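# Structural overview for review
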Amino acid sequence: MQLLIKGARVVDPSRNIDGRMDILINDGRITQLGDNLDSPGARILDASGLVAAPGLVDMHVHLREPGFEVKETVASGCAAAARGGVTTLVAMPNTRPATDCPDIVRLVQAKAAFTGINVLPAGAVTLGQKGERLTDFTALKAAGIPAFTDDGVPIQNLALLREAMRQVKSLGLPLLDHCEDKDLVQNYAVNEGKVSQALGLPGRPAVAEELQIMRDVMLAEDTGAHIHICHISTGKGVDIIRQAKARGIWITCETCPQYFILTEQEILSQGSMARVNPPLRTLADVDAIRAGLQDGTIDAIVTDHAPHTTEEKAQPLPDAPSGMVGLETSLTLSLTALYHTGALPLSRVLSLMSASPAALLGLDKGTLEVGRDADLVIFDPDQEWIIDKNQFISKGRNTPFHGRKVQGKVKYTISQGNIIYQEG
């Protein structure tokens, strides 16, 4: 099947392309980019006034299946990804059972095979994510995982973590680490600061995140492993990584829209809907995260898409689970907060959401190069709309961005030449 996209503003950060042109797709691959292309018999997609860019690569998503299908399934999560312009995603291993063996990797891959989304299950670092014994790294790599992580269960055992880093180094894969010292954060619901004091609640201190980032930097220097810090949220954390990169240490990091848009004050108006780990921080931290995006310290924008049921999130703040959904809103929130404010050019926003995460994971994605898979997002960068959680395709409705006016809307998502989402 041939598809001819006409008249788009093509923005491909991987190749420094930004200009009006046509894109010809044949049998799932990009075959030509240029002006006034013609191909008799091709389906025509008029993209005049729209931006065509590489499909987004979200390297931090919770699909919940197996084990928590009431929150999300692979199918519903992938449908939400398509609506948000995401064509490739990394599924976190905190399922039940955990993704700690090839059988679970294959299960998730099989569930995703017919969704049109390229789903890459991450392998757990430890069996059952218990932090006691390492998984079979070699077997998990052979099953096709792109990275190792225990995600929301930070590894406290330094000897075990150091050995894990040695193994990922030998296998050529990154280790993605959620950095919060569990002894300091317990199951606390909010950042330690003015808001926690006002609510009379114990807080999750910023230093709990920063200590583990510093630990990881030192171990990355010691082992030579590629360590990737998940969802960075503090200004000092950004500074630590900035300095480590300047010393040539192989460390990368990501952040999420909530950390460059919202502050801890959101807890006072939205309660558990704004509860997330790590927690929303201060305005100074938000500014520092934006600075880290601007100077290249932060390598990727992800969602940490974490659906929960309405009943779970309706619990009192100390009892409700942490997390918010984001697959359907990450692009529009990033455009609104970063591109339309002038903080970042469009190409840089798109690079943080496609080319950069693809490169740090070693994926053959995030580009519109001729001969590559035709994975694209086509969007109107200027269209204003209001986020309505009741319109989400995801099973999750837990977002603090409900009712927010945003700018930039996905019109089409194309995966391997197939239109898997079309607005309306």
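Let us look at the structure shown here. Going along each chain's sequence as written, the residues are numbered from 1 onward. For a predicted model such as this one, the threshold for reporting local features is a pLDDT of at least 70, and the threshold for listing and counting side-chain atom pairs is 80 or more; totals across whole chains, interfaces and linings nevertheless cover every residue. Excluded from the side-chain calculations are hydrogens and water; all other atoms, namely the structure's heavy atoms, are used.

### Comments concerning the overall build of the chain
- When helices and strands are counted, the chain shows 15 helices and 17 strands.
- Against the 2.2 N^0.38 benchmark of 22 Å for 424 residues, the chain shows a C-alpha radius of gyration of 21 Å, consistent with a compact globule.
- By its C-alpha atoms, the chain is 65 × 45 × 45 Å across when sized along the principal axes.
- Buried, partly exposed and exposed residues are distinguished by accessible area as a fraction of the type maximum, computed with a 1.4 Å probe on protein chains only: under 20%, between the cut-offs, and over 50%, respectively. Residues classed as buried in the chain amount to 62% of the 424 residues present.
- Contacts are residue-level and defined by heavy atoms, with any inter-residue pair within 4.5 Å sufficient. Sequence-distant contacts in the chain: of pairs separated by 6 or more residues, those separated by 24 or more amount to 74%.
- Each accessible area value is a Shrake-Rupley result obtained with a 1.4 Å probe; residue values ignore everything except the protein chains displayed when judging cover. Total accessible area on the chain is roughly 15,600 Å²; 49% of this is exposed by carbon and sulfur atoms. Helical segments are the DSSP runs of H or I of at least four residues, strand segments are the runs of E of at least two, and each set is numbered from the N terminus. In this setup the radius of gyration rests on C-alpha atoms only. A globule is expected at 2.2 Å times the number of residues raised to 0.38.

### Here we look at the nonpolar core
- Here, the term nonpolar core denotes a set of buried Ala, Val, Leu, Ile, Met, Phe, Trp, Tyr and Cys residues that are joined through side-chain atoms within 4.5 Å. Among the nonpolar cores identified, the biggest contains 106 residues, and Leu 89, Val 119, Phe 148, Leu 293, Leu 331 and Phe 379 are the most heavily contacted of them.
- With six residues, the top contributor of residues to this core is helix α4 (residues 158-171).
- Excluding residues within four positions of it along the chain, Leu 331 makes contact with Leu 56, Gly 84, Leu 350, Met 353, Val 377, Phe 379 and Val 410.
- Core analysis: the next-biggest nonpolar cluster, separate from the first, contains 19 residues, Ala 8, Val 10, Ile 23 and Ile 25 among them.

### Quick look at α4
- By this rule, a helix spans an expected 1.5 Å times one less than how many residues it contains. For α4, which comprises 14 residues, the first-to-last C-alpha distance of 20 Å matches the rise-based estimate of 20 Å (1.5 Å per residue) to within 8%.
- Listed as buried for α4 are Leu 160, Leu 161, Ala 164, Met 165, Val 168 and Leu 171. All buried residues of α4 project into a common sector of 140 degrees when viewed along the axis, lining one side. Facing away from the buried surface of α4 by more than 90 degrees, the exposed residues are Ala 159 and Ser 170.
- Of the surrounding secondary structure, the elements contacted by the buried residues of α4 are α3 (137-142), β9 (175-177), α7 (206-223) and β12 (227-229). As used here, the arc is the angular range of directions from the helix axis to the C-beta atoms.

### Remarks on the packing of aromatic side chains
- Pairing of aromatic side chains here covers Phe, Tyr and the six-membered ring of Trp, requires ring centres within 6.5 Å, and sorts the geometry by plane angle: under 30 degrees stacked, over 60 edge-to-face, intermediate tilted. Under the definition given, this model contains one aromatic pair.
- Throughout this description, the term charge over a ring refers to an Arg CZ or Lys NZ atom that lies within 6 Å of the ring centre and within 35 degrees of the ring normal. Lying across the ring of Trp 385, Lys 409 places its NZ or CZ 4.8 Å from the centre.

### Section: the layout of surface pockets
- There is about 690 Å³ of room inside the largest pocket.
- Every definition here rests on a 1 Å grid over the protein atoms only: cavities are sets of points where a 1.4 Å probe fits but cannot get out, pockets are open sets enclosed by protein on both sides within 12 Å along at least five of seven lines, and lining residues have some atom within 4 Å of a point. Along the walls of the largest pocket sit 29 residues, with Asn 94, Gly 152, Val 153, Asn 277 and Ser 322 positioned nearest its centre.
- In this classification, the charged set is Asp, Glu, Lys and Arg, the nonpolar set is Ala, Val, Leu, Ile, Met, Phe, Trp, Tyr, Cys and Pro, and all remaining amino acids, among them Gly, are polar. A class-by-class count of the residues in the lining of the largest pocket yields seven nonpolar, 13 polar and nine charged. Grid points are joined across faces, edges and corners, and a volume is the space filled by probe spheres set on the points.

### Considerations on the sheet that holds strand β7 (residues 86-91)
- The criterion for strand pairing is that DSSP finds at least two bridges linking the strands in question. Taken in spatial order, the three strands line up as β6-β7-β8 in an open sheet, and their pairing is parallel. Looking at the sheet topology across the chains shown, the edges are occupied by β6 (56-61) and β8 (118-121). Neighbouring strand axes in the sheet, compared pairwise and without regard to direction, differ in orientation by 20 degrees on average.
- Alignment of β7 against β8, held across four bridges, turns out to be parallel. Within β8, the residue paired with Thr 88 across the bridge is Asn 118. All axes are obtained by fitting lines to C-alpha atoms, using only the stretch in contact for helices, and the reported angles, taken between N-to-C directions, cover 0 to 180 degrees.

### Concerning the side chain of Lys 409
- Relative to the helices and strands, Lys 409 is located in strand β16 (residues 405-415).
- Residues adjacent in sequence count toward polar contacts only when both atoms are side-chain atoms; beyond that, a polar contact is any pair of N or O atoms within 3.5 Å, and within protein one must be able to donate a hydrogen and the other to accept it. Among the polar contacts listed, one links the side chain of Lys 409 to the side chain of Glu 423, at a separation of 3.2 Å.
- Sequence-distant contacts of Lys 409, defined by excluding residues within four places in its chain, comprise Phe 379, Asp 380, Gln 383, Trp 385 and Glu 423.

### Structural notes on the pairing of strand β2 (residues 17-26)
- By the criterion of burial, β2 is predominantly enclosed, with seven of the ten residues buried.
- Alignment of strand β1 (residues 2-12) against β2, held across nine bridges, turns out to be antiparallel. Of the residues in β2, the one forming a bridge with Val 10 is Gly 19.
- Of the strand pairs in this sheet, β2 and strand β3 (residues 29-34) are connected by five bridges, and their pairing is antiparallel.

### Some points on the environment of Gln 391
- With respect to the element layout, Gln 391 can be found in the loop between β15 (376-386) and β16.
- Between the C-alpha atom of Gln 391 and that of Thr 73, which follows or precedes it by 318 residues, the distance is 17 Å.
- If we ignore the near neighbours within four places in the chain, the residues touching Gln 391 are Arg 83 and Glu 328.

### Digging into the sheet that holds strand β13 (residues 251-255)
- Spatially, β9-β12-β13-β14 is the arrangement adopted by the four strands of the open sheet, whose pairing is parallel. Only two strands of the sheet have a single neighbouring strand rather than two, namely β9 and β14 (300-301).
- Where β9 and β12 come together, three bridges link them in parallel fashion. If you follow Asp 177 over to β12, its bridge partner there is Ile 229.

### Some points on empty space enclosed by the protein
- Under the defined criterion, the tally for this structure stands at six cavities of 30 Å³ or more.
- Approximately 130 Å³ is the volume found for the largest cavity.
- Lining the largest cavity we find 14 residues, and of these Arg 83, Glu 328, Trp 385, Lys 409 and Val 410 sit closest to its centre.
- Secondary-structure elements contributing two or more residues to the lining of the largest cavity are α13 (330-339), β15 and β16.

### Some words on helix α1 (residues 74-83)
- For α1, the tally of buried residues reaches eight of ten residues, placing the bulk of the element in the interior.
- Within the span of α1, buried status applies to Val 74, Ser 76, Gly 77, Cys 78, Ala 80, Ala 81, Ala 82 and Arg 83.
- Where α1 is buried, its residues touch β7, α2 (102-112), β8, β16 and β17 (418-422).
- Taken from the residues just after α1, Gly 85 is the one with a positive phi, measuring 90 degrees.

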